[in-house]
Each structure stands twice: as structure tokens, then as C-alpha cells.
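Residue strings, one per chain:
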Amino acid sequence: EIIRHDVTFPLYVEVDEIYNLACPASPVHYQHDPVQTTKTSVHGAINMLGLAKRLNAKIFQASTSEVYGDPEVHPQPESYWGKVNSIGIRSCYDEGKRCAETLFFDYYRQHNLKIKVARIFNTYGPRMHPNDGRVISNFIVQALMGNDITVYGDGSQTRSFCYVDDLIEGIITFMDSEDSFVGPLNFGNPQELSIIKIAHEIIKLTSSKSKIVHKELPEDDPTQRQPDISLAKKKLNWTPDVELKQGLTKTIGYFENLFDI
């Protein structure tokens, strides 16, 4: 059953498990209405935790690698507390997710709630929105349309991209694991690549004639991002299987069908 609902308001349903993934994850979208973004993460967490408490249901929180901010530790393990600007233009998302983690662990300690908290690193794959605003979907759409490919800064900043199928397998395995293992747990692909290298790879895979143009780096844009997935390997025997080229080819195929190219 599909229900359209705003998680900033209480929800009254009967369920066995809750997966709380509510929140725009693209900077373009979460900065469009930063107050609502914070409400979605914080009020949404309160409402979903309240529902889980009433039903004694296990609840999953989709946290983010952005809780690490612009990291001073590389790669980022779950034990790293992060370096986040609490008053920057990205803080509605970063601090909203950090506060949600706080709420989850307080409910766990105070009410003995069954929780699972995952810190999700950059994810991509088919069915992304063409105007999603994230790196891979942006580059693919621009390449297929023959438009300039927009790289912010010199493109030396790095990201680690995980194919969506790998992520979902990890989340479900995590939810099915023993209740005493609550996280936080990193999910992502530890293969670290520069943004400029990804742009060139997408141009190559799409046989595009697009040119790369550079624009000013946005405020508080992290310079590095790479997950330490040692804990996921140890506890869940989880590692991502889909190589970047394979995942990009599938994602490009989706957008080619979407645009009838």
C-alpha cells in the first residue's frame, strides 16, 4: 500500500519494520528549502521513532557520509566524529542527519528501541531523476544532450560511488542482522576517484562530444570522501560487487531509454 505523507507530521499505521529514508540528498534540492530539510531529518526522525516505539518495530535510519563533513581522517571510519560547519549552506542536511543519529541512539538507550543506523556514501544507478543535481546523473544527462559538462573547482576533489543494488543488499542484510548490532555502519564503495576522472569516463562511455567547463567550487564542498567499510565486511560479510564502469553503463542505458536516444 502506498501512502503519500509528510514525515514532519505524525504517521499512524501498523507496520513490522520501518526504513526511514525521507530527505532530499542532493545539494541542489536540500538547499532549496533548508528549513524544511532540517525539519524532515529532525521532526521526521522524532515521528518515525515514536511510531517504532508504539509498535515495538525495528527501525532503519538512512544517515549519510555527510556527517563526516570535510574530513581530516581518510578514509572515514565510523569512529570518526567529523568536521562539520554548523552554520554553512550544507548544514541543514549535515547537521539534520547528525541530529537524527543522536535521536536514534537516545531512543535506543532510553527506550530499548531496535535501531539500525547506516551512513550511506554516494550512491548512483538507474531511475535517478534527470534533474537530481548529483554528480553522476548530471554528467550523464549533460553528455547525452551534448551540453558542456560542469565540474566545480578543478575536479581534484574525490568521491566514492556505490551502485544502488549493492547498497540495497547491504541495507537489507543489516536489518536482518542481530538486534545488538545497531551501527552506525558505513555503506559505500571504497574505490576513490576524482570528479574530473569520472567526467572523462562518462564522456568516453557515452561517446559524447561534450566539453568540460569549470565553475567555482561551492561552499563547504568536501575535498575527500572514501568509506572505511571494514566493519560492514566483518559484521555482515558485505562488500560492493558492481564495478564503476559496469554501473555507469547500466545507468547510461537507463537515461538513453528515458530520453529515447
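Scroll up a little and you will see the structure.
Please read all numbers here as calculations on a predicted model, not as lab measurements. (Residues numbered from 1 in each chain as written. Predicted model: local features only at pLDDT ≥ 70, side-chain atom pairs only at ≥ 80, totals over all residues. Heavy atoms only, no water.)

Enquirer: Just checking my understanding: could you explain the sheet that holds strand β3 (residues 115-120) for this structure?
Expert: Pairing between the strands of a sheet is mediated by backbone hydrogen bonds and can be parallel or antiparallel. With parallel pairing, the four strands of this open sheet are ordered in space as β1-β2-β3-β8. Looking at strand neighbours, the two that pair on one side only are β1 (17-20) and β8 (185-187), the edges of this open sheet. The mean angle between the axes of side-by-side strands here comes to 25°, regardless of whether they run parallel or antiparallel. Both β3 and β8 contribute to a ladder of three bridges, which runs parallel. By the bridge assignment for β8, I120 is matched with F187. Docked against the sheet, helix α3 (residues 91-111) engages β2 (58-64) and β3, running at close to 155° with respect to β2. In the packing of helix α5 (residues 164-176) onto the sheet, the strands contacted are β1, β2, β3 and β8, and the crossing angle to β3 comes to about 160°. (Pairing = 2+ DSSP bridges. Helix = DSSP H or I, 4+ residues; strand = E, 2+ residues; numbered from the N terminus. Axes fitted to C-alpha atoms, helices over the stretch in contact; angles between N-to-C directions. Contact = heavy atoms within 4.5 Å.)

Enquirer: What is the right way to look at the nonpolar core in this model?
Expert: Generally speaking, soluble globular proteins have nonpolar side chains that are buried together. Counting residues in hydrophobic clusters, the biggest one holds 23 residues, and the most contacted among them are Y124, I136, F139, I140, I149, I198 and I202. Sequence-distant contacts of I149, that is, excluding residues within four places in its chain, are made with F139, Q142, A143, A199, I203, S210, K211, I212 and V213. Within the second largest apolar cluster, 22 residues are counted, among which are V42, M48, I59 and A100. (Core = buried A, V, L, I, M, F, W, Y, C linked by side-chain atoms within 4.5 Å. Buried < 20%, exposed > 50% of the residue type's maximum accessible area, 1.4 Å probe, protein only.)

Enquirer: Looking at this structure, how should I read the packing of aromatic side chains?
Expert: One pair of aromatic rings is described through two measures. These are the centre distance and the angle between the planes. According to the stated counting rule, one finds twelve aromatic pairs in the structure shown. When the centroid spacing of 5.8 Å and the interplanar angle of 45° are considered together, the rings of Y19 and F60 count as tilted. With a gap of 41 residues between them, Y19 in strand β1 and F60 in strand β2 connect regions that are remote in the sequence. Classification of Y19 by relative accessible area gives partly exposed; the value is 34%. Relative to Y108, the ring of F105 has its centre 6.3 Å away and its plane inclined at 80°; by these criteria the two rings are edge-to-face. (Phe/Tyr/Trp six-rings, centres within 6.5 Å; stacked < 30°, edge-to-face > 60°.)

Enquirer: How do you make sense of the environment of I229 when you look at a structure like this?
Expert: Structurally, I229 can be placed in the loop between β10 (212-215) and α7 (230-236). Relative accessible area serves as the criterion here: at 3%, I229 is assigned to the buried category. In this structure the C-alpha to C-alpha distance between I229 and P71, which are 158 residues apart in sequence, comes to 16 Å. Those residues in contact with I229 that sit more than four places away from it in its chain are N186, G188, P190, W238, T239 and P240.

Enquirer: In this structure, what is going on with α3? I would like to understand it.
Expert: Residues that lie three or four places apart on an α-helix share one face, since the helix turns once every 3.6 residues. Here α3 contains 21 residues, and its C-alpha end-to-end distance of 28 Å stays within 8% of the 30 Å for a straight helix at 1.5 Å per residue. Looking only at α3, the buried set comprises S91, C92, Y93, D94, G96, K97, A100, E101, L103, F104, F105 and Y107. The inward-facing, buried residues of α3 contact α1 (27-30), α2 (34-55), β2 and β3. Of the residues flanking the end of α3, it is N112, one or two places downstream, whose phi is positive at about 55°. (Expected span 1.5 Å × (residues − 1).)

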